[in-house]
Amino acid sequence: MTLTGKMLIGQHATAGTREAIRAINPATDTALEPAYLGGNGEHVTQACALAWAALDAYRETSLEARATFLETIAAHIEALGDELIDRAVAETGLPRPRIQGERARTCGQLRTFARTVRAGEWLDVRVDNPQPQRQPLPRPDLRQRHIALGPVAVFGASNFPLAFSVAGGDTASALAAGCPVIVKAHGAHPGTSELVGRAVAKAVKACGLPEGVFSLLYGSGREVGIALVTDPRIKAVGFTGSRSGGLALIQAAQARPEPIPVYAEMSSINPVYLFPAALAARGEALAQGFVASLTQGAGQFCTNPGLVIAVQGPALDRFISLASGLLPTCGAQTMLTPGIASAYAAGVGALAEHAKVAAQGLPATGPNQGQAHLFVTQAQAFLANEHLQAEVFGAASLLVVCVDNEEVRQVSEHLEGQLTATLHMDENDLPDAKALLPVLERKAGRLLVNGWPTGVEVCDAMVHGGPFPATSDARSTSVGTAAIQRFLRPVCYQDFLDALLPAALQHGNPLLLRRLLDGQREA
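Under the annotation held in an unreviewed UniProt entry, the chain carries the name 2,5-dioxovalerate dehydrogenase and is attributed to Pseudomonas azotoformans. The heading Sequence similarities (unreviewed entry) in the UniProt record of the chain holds the text "Belongs to the aldehyde dehydrogenase family."

**Section: the sheet that holds strand β8 (residues 142–148)**
Spatially, β23-β8-β7-β24-β25 is the arrangement adopted by the five strands of the open sheet, whose pairing is mixed. Only two strands of the sheet have a single neighbouring strand rather than two, namely β23 (488–494) and β25 (520–521). Pairing geometry for strand β7 (residues 126–128) and strand β24 (residues 516–517), over two bridges, is parallel. Bridging from a neighbouring strand, R126 pairs with L516 of β24.

**Quick look at the pairing of strand β12 (residues 236–240)**
Among the five residues of β12, five are classified as buried, and the element is accordingly described as predominantly covered. The two faces of β12 match: A236, G238 and T240 on one face and V237 and F239 on the other face are all buried. Here four bridges tie strand β9 (residues 152–155) to β12, and the two strands are oriented parallel to one another. Bridge assignment links A153 to a residue of β12, and that residue is V237. Judged from the four bridges that link them, β12 and strand β13 (residues 262–265) form a sheet pairing that is parallel. Looking at β13, one finds that F239 is bridged to A264. Taken together, β12, helix α8 (residues 243–254) and β13 constitute a β-α-β crossover, and its handedness is right-handed.

**Thoughts on the packing of aromatic side chains**
How two aromatic rings sit relative to each other is given by the distance of their centres and the angle of their planes. Under the definition given, this model contains nine aromatic pairs. Summarising the aromatic geometry, the rings of Y263 and F487 are spaced 5.9 Å apart at their centres and angled 90° between planes, so their arrangement reads as edge-to-face. One end of the pair, Y263, is in strand β13; the other, F487, is in the loop between β22 (444–449) and β23, with 224 residues separating them in the sequence. With relative accessibility at 13%, the residue Y263 sits in the buried group. The class of F487 is buried, set by a relative accessible area of 0%. A centroid spacing of 5.9 Å and a plane angle of 50° characterise the contact between F290 and F319, whose relative ring orientation is tilted. Taken together, the residues F290 in helix α9 (residues 276–295) and F319 in helix α10 (residues 314–326) connect sequence positions 29 residues apart. Pair check on accessibility: F290 and F319 agree, each one buried. Aromatic ring contacts, followed pair by pair, group F160, F164 and F301 into a single cluster.

**A few points about the domain arrangement of the chain**
Taken domain by domain, the chain comprises domain 1 (7–266 + 474–487), domain 2 (271–449) and domain 3 (494–521). Each of domain 2 and domain 3 has a C-alpha centre, and these two points are 52 Å apart.

**Thoughts on the packing of α9 against α10**
Contact geometry for α9 and α10: axes closest at 9 Å, N-to-C directions at 30°. What the angle tells us is that α9 and α10 run roughly parallel. By crossing handedness, the relation of α9 to α10 is classed as right-handed. When α9 is examined against α10, the residues L279, A280, G283, E284, L286, A287, Q288, F290 and V291 are found in contact with a partner set consisting of A315, L316, R318, F319, L322, A323 and L326. Of the residues that constitute the contact of α9 with α10, the class distribution is 12 nonpolar, two polar and two charged.

**Regarding the UniProt feature "domain: Aldehyde dehydrogenase" (unreviewed entry) in the chain**
Here the UniProt-annotated "domain: Aldehyde dehydrogenase" (unreviewed entry) positions come out as residues 18–456. Between the first and last C-alpha atoms of residues 18–456 the distance is 37 Å; the span itself is 44% helix and 19% strand.

**Some details on the environment of R118**
Along the polypeptide, R118 turns up in helix α4 (residues 96–119). As for R118 and L513, which are separated by 395 residues in sequence, their C-alpha atoms are 9.8 Å apart. Here R118 is in contact with L63, E64, A67, T68 and E71, once residues within four sequence places are set aside.

**Section: the environment of L247**
Tracing the chain through its elements places L247 in helix α8. The spacing of L247 and H146 is 101 residues in sequence and 28 Å in space, taken between C-alpha atoms. Contacts of L247, omitting those with residues within four sequence positions, involve M266 and F468.

**A closer look at a nonpolar patch on the surface**
Side chains of F496, L497 and L500 sit close together on the surface and give an oily, nonpolar patch of about 320 Å² of accessible area. Tracing the sequence through the fold places F496 in the loop between β23 and β24. With a relative accessible area of 30%, F496 lands in the partly exposed category.

About the thresholds
- Residues numbered from 1 in each chain as written.
- Predicted model: local features only at pLDDT ≥ 70, side-chain atom pairs only at ≥ 80, totals over all residues.
- Heavy atoms only, no water.
- UniProt positions renumbered as here; feature names shortened; annotations may be inferred.
- Pairing = 2+ DSSP bridges.
- Helix = DSSP H or I, 4+ residues; strand = E, 2+ residues; numbered from the N terminus.
- Buried < 20%, exposed > 50% of the residue type's maximum accessible area, 1.4 Å probe, protein only.
- Right-handed = clockwise from strand over helix to strand, strands pointing away.
- Phe/Tyr/Trp six-rings, centres within 6.5 Å; stacked < 30°, edge-to-face > 60°.
- Domains from an automatic or database assignment.
- Axes fitted to C-alpha atoms, helices over the stretch in contact; angles between N-to-C directions.
- Parallel < 35°, antiparallel > 145°, perpendicular 65-115°, else oblique.
- Left-handed = near helix turned anticlockwise from the far one by under 90°.
- Contact = heavy atoms within 4.5 Å.
- Nonpolar A, V, L, I, M, F, W, Y, C, P; charged D, E, K, R; others polar.
- Patch = residues over 30% accessible without salt bridge, like charges linked within 9 Å, V, L, I, M, F, W, Y side chains within 5 Å.
- Areas by Shrake-Rupley, 256 points an atom, 1.4 Å probe, with all protein chains shown as cover.
- Salt bridge = Lys/Arg side-chain N within 4 Å of Asp/Glu carboxyl O.

The following block contains the structure:
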């Protein structure tokens, strides 16, 4: 498939008019063809008009038709074969197995949402039958279901060119909910985005859906993004990226005459707690696991273990010594873009001004490579210095040494909201872990015991979210089937004729849904 450098507005390939975006191969620091001219406000208007025109028909597609559409997207992405893998590797510098795994995850989550759509439980059907004889007032017939919010704007992420991008989790969950989607592609991987975007558009056509169900736009500055968020036909936003970028979109969305929700994943340092008994029993394994998690993918994960917290003592000293011995054997890795590599170097430099460098990985041997770093500081210094809590996107972590459990609690209370918090513990650590748990439940969306936070399973129970600034809305998740709830709202139908009711609410329950009927859940 020849890359065109064009946007997709519905089924139409459209050339932009603004400054060109050109992917950079970060491993070689060379530009890739073709150039992608950015869109303008008129392109946004066209895409939003098509999405709005598609909404009412798309949100009432049958559960089977919508599930089949999601599965068709997955099949078309897989049919791209090596062309997609090769382009994504060139645009990101990520190793081929990582991209292959990410493609599998992307298609897997599309199929998971297809399963979710077919089951229909997300409709949350509730029926309260009429009680005409009730005194002092009769009760009407009341029926509730959830419907799509409306067209959704999705912003692709830099660090996951497939799983959090054009057909990633935000797009999959919004389409599953019945929302048309307009994606603003990330400028770091425009070719990958075009390939996947064309696969989605092909699925739209193959399934006979309105063309406005999906559009793909490019833009190098703020024009396209702000125009999308402020268009009155957009009813929600999905975003994964920097705190500054997320806050700018939130501000724009809240300034609209009709404010809309922005589900933004932004910043997290993912504290890891090393409890004394676990450290004493398996310090070497913990050091190995920590270094592996820290350096995986050049540390370019939103769940990277950027903070380690433990009580001082010989076992912690040994852990620091072991980790400090392992890190210098870790080679510098190519980061996703020159901008990310530069920001990582600046972040490491800022941390070095406020904390002690305990160990470093091997120095860079090529362009845009990040050298791993481990820093150490004391709890009171951490509590007094806000710079030490800043996220450094890459393979850098800060270990905070506490004098006792009370300092551990103080440090924990001082933390901002997080995506994850990890407890490494043995049975003798149980009382201390249990005492800390209420604090961590308030601080993080996912709590782990004796694991590492890198790696986010796509399943029904997953929560990939957390209190601000990890996300802009701690009530939601961007991974897992519960993500569909972000793009739905409830509607109640009172005293409707059966022929006027949507199928999900009709008296005969033709969709065979599991309903809440007069306060009792049907079998």
